[in-house]
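Below are the chains, spelled out letter by letter.
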Amino acid sequence: MKICLLDPGIENNLGTPSSNLGDLIIQDAVERELDKIFGIKNVIKFSTHSALTKKEIDFICHDCLLIIVGGTNLLSSNMNEYRQWKIGLKTAFQLKKTILLGVGWWQYQDSPNFYTRVLLQTTLSRKGIHSVRDSYTRDKLPQMGIKNVLNTGCPTMWPLAEMHSGHFPIAKSDNVLLMLTDYNKNVELDKKLVKVLFSKYERIYFWPQGRYDAEYISELQSTLNIPVTILEESLAALDEFIHSGISFDYVGTRLHGGIRCLCSKKRSLILEIDNRAKEIARDTQLPTIDRANFEYISQWIDGSSSPKIRLDLTAID
């Protein structure tokens, strides 16, 4: 018997990687945890970005012991309108035994509508324990009668449970790694951030996590006339930079890029642009701040206390 992973890290069921490299960071963490339990060779992946075909559904129903949804903010109160997880009522009735692993809720929303309640009540397992990545998501699901839910935090953060505050630097580094978000721009604030970083650090590096991030920073760079070194748009390029020996802090709006740096013991500050970083930080003390709070950002750059990450190990176990 195989384990089915419904995976946001692939764009389609041909295996094309997601254009948002943050999905690959989540995928890496989910596969790490599934490998510990089942062995990765027993995991068969299908994309959450594509609707399942009849043949794929038949295979999952007949050959897969479990169906795991592997992370990201796939849930919303209006799943008939916001369809980041490409699942409809017919497919929900066919699957029925899906289990969430580190899944979150898309933005702050009203109570789930009737369609969403029927969809999730149908497809989510009533026997397995669902793992969600923040208290906001955990509190949403019982509104639909789904109570077999634990807040484990995001699996990308689970390695931080093995670290303590002494593992993290507190003094400013020579350079900074910046990330910005192509679909949530604030040109005025983002320009101000680049100026602050230019005044504080010897060199600004930029890693494009999203499809149009590099294009965006190039536009800002040309208007500000501030030099920025743009890294290759790949997860391998980020990992190579992290382990290059270059002294750097992370400052940026990309949540999972920041978590990747923090897990590598890099001094990191994630700038909140929506509910995801804010809610995860509320539960775990992940180092975040509102993107407009430049007084705090400037103070943090000059020197900060060590992060004291709080994870519910009992829930994770």
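Each remark here, short or long, concerns the structure printed above.
Conventions we followed
Residues numbered from 1 in each chain as written. Predicted model: local features only at pLDDT ≥ 70, side-chain atom pairs only at ≥ 80, totals over all residues. Heavy atoms only, no water. Pairing = 2+ DSSP bridges. Helix = DSSP H or I, 4+ residues; strand = E, 2+ residues; numbered from the N terminus. Axes fitted to C-alpha atoms, helices over the stretch in contact; angles between N-to-C directions. Buried < 20%, exposed > 50% of the residue type's maximum accessible area, 1.4 Å probe, protein only. Lys, Arg positive; Asp, Glu negative; His and termini not counted. Salt bridge = Lys/Arg side-chain N within 4 Å of Asp/Glu carboxyl O. Phe/Tyr/Trp six-rings, centres within 6.5 Å; stacked < 30°, edge-to-face > 60°. Lys NZ or Arg CZ within 6 Å of the ring centre and 35° of its normal. Core = buried A, V, L, I, M, F, W, Y, C linked by side-chain atoms within 4.5 Å. Contact = heavy atoms within 4.5 Å. Arc of directions from axis to C-beta. Right-handed = clockwise from strand over helix to strand, strands pointing away. Expected span 1.5 Å × (residues − 1).

(A) Representation of the sheet that holds strand β3 (residues 64–75) within the structure. Judged by pairing direction, the sheet is parallel, and its six strands sit side by side in the order β2-β1-β3-β4-β5-β6 without closing on themselves. Of all strands in the sheet, those with a lone pairing partner are β2 (43–47) and β6 (149–151), marking the two edges. Recorded for the sheet is a direction-independent mean angle of 20° between the axes of neighbouring strands. Alignment of strand β5 (residues 130–132) against β6, held across three bridges, turns out to be parallel. By the bridge assignment for β6, serine 131 is matched with leucine 150.

(B) Structural view of the side chain of aspartate 283. Topologically, aspartate 283 is positioned in helix α10 (residues 275–284). Of the side chains with opposite charge, arginine 310 comes closest to the buried, unpaired aspartate 283, at an N-O distance of 6.0 Å.

(C) Seen up close, the packing of aromatic side chains. Applying the stated rule across the entire model yields five aromatic pairs. With 3.9 Å between their ring centres and 15° between their planes, tyrosine 82 and tryptophan 106 make a pair best called stacked. Taken together, the positions of tyrosine 82 in the loop between β3 and α3 (89–95) and tryptophan 106 in the loop between β4 (98–105) and α4 (114–123) put the pair 24 residues apart, joining distant regions of the chain. Since its relative accessible area comes to 24%, tryptophan 106 is described here as partly exposed. Relative to phenylalanine 241, the ring of tyrosine 205 has its centre 4.8 Å away and its plane inclined at 50°; by these criteria the two rings are tilted. Pair noted here: tyrosine 205 is in strand β8 (residues 203–206) and phenylalanine 241 is in helix α8 (residues 235–242), with a separation of 36 residues, a long-range link. Residue class for tyrosine 205 comes out buried when judged on its relative accessible area of 8%. Taken together, Tyr205, Phe241 and Phe248 form an aromatic cluster joined through their ring pairs. A cation over a ring is seen here: lysine 172 above tyrosine 201, with NZ or CZ 5.1 Å from the ring centre. Residue placement shows arginine 267 over the ring face of tryptophan 300; its charged tip is 3.9 Å from the ring centre.

(D) A look at the nonpolar core. Judged by nonpolar contacts, the single largest core of 29 residues is most densely connected at Leu160, Leu177, Trp207, Leu238 and Leu286. At five residues, the largest contribution of residues to this core is made by helix α9 (residues 255–263). Among all residues touching leucine 160, those that are not within four sequence positions of it are Phe168, Leu262, Cys263, Ile309 and Leu311. If you look at the next biggest cluster of nonpolar residues, it comprises 28 residues, including Cys64, Ile67, Leu100 and Tyr136.

(E) Spatial organisation of helix α11 (residues 294–302). Taken as a whole, α11 has its buried residues at Phe294, Ile297, Trp300 and Ile301. Around the axis of α11, the buried residues are gathered within 120° of arc, so they sit on the same side. Tucked into the core, α11 has its buried residues touching α6 (187–200), β10 (248–252), β11 (268–272) and β12 (288–290).

(F) View of the pairing of strand β1 (residues 2–7). Among the six residues of β1, five are classified as buried, and the element is accordingly described as predominantly covered. Taken together, the five bridges between β1 and β3 define a ladder with parallel strand orientation. Its bridge partner being in β3, leucine 6 is matched across the sheet by valine 69. Pairing of β1 with β2 involves five bridges; the strand directions are parallel. Opposite leucine 6, over in β2, you have phenylalanine 46 as the bridge partner. Handedness of the crossover joining β1 and β2 through helix α1 (residues 21–38) is recorded here as right-handed.

(G) Just the sheet that holds β10, in detail. Reading across the sheet, the six strands line up as β9-β8-β7-β10-β11-β12 and stay open at both edges, with parallel pairing between neighbours. Strands with a single pairing partner mark the edges of an open sheet, and in this sheet they are β9 (229–230) and β12. Together, β10, β11 and β12 form the strand contacts of α11, whose direction differs from that of β11 by roughly 170°.

(H) Seen up close, α1. When the terminal C-alpha atoms of α1 are compared, their 25 Å separation across 18 residues agrees well with the 26 Å that a helix rising 1.5 Å per residue should span. Those residues of α1 lying buried are Leu21, Gly22, Asp23, Leu24, Ile25, Ile26, Gln27, Ala29, Val30, Glu31, Glu33 and Leu34. In this structure, the buried residues of α1 make contact with β1, β2, β3, β4, α8 and α9. Positive backbone phi, approximately 85°, marks glycine 39, located one or two places after α1.

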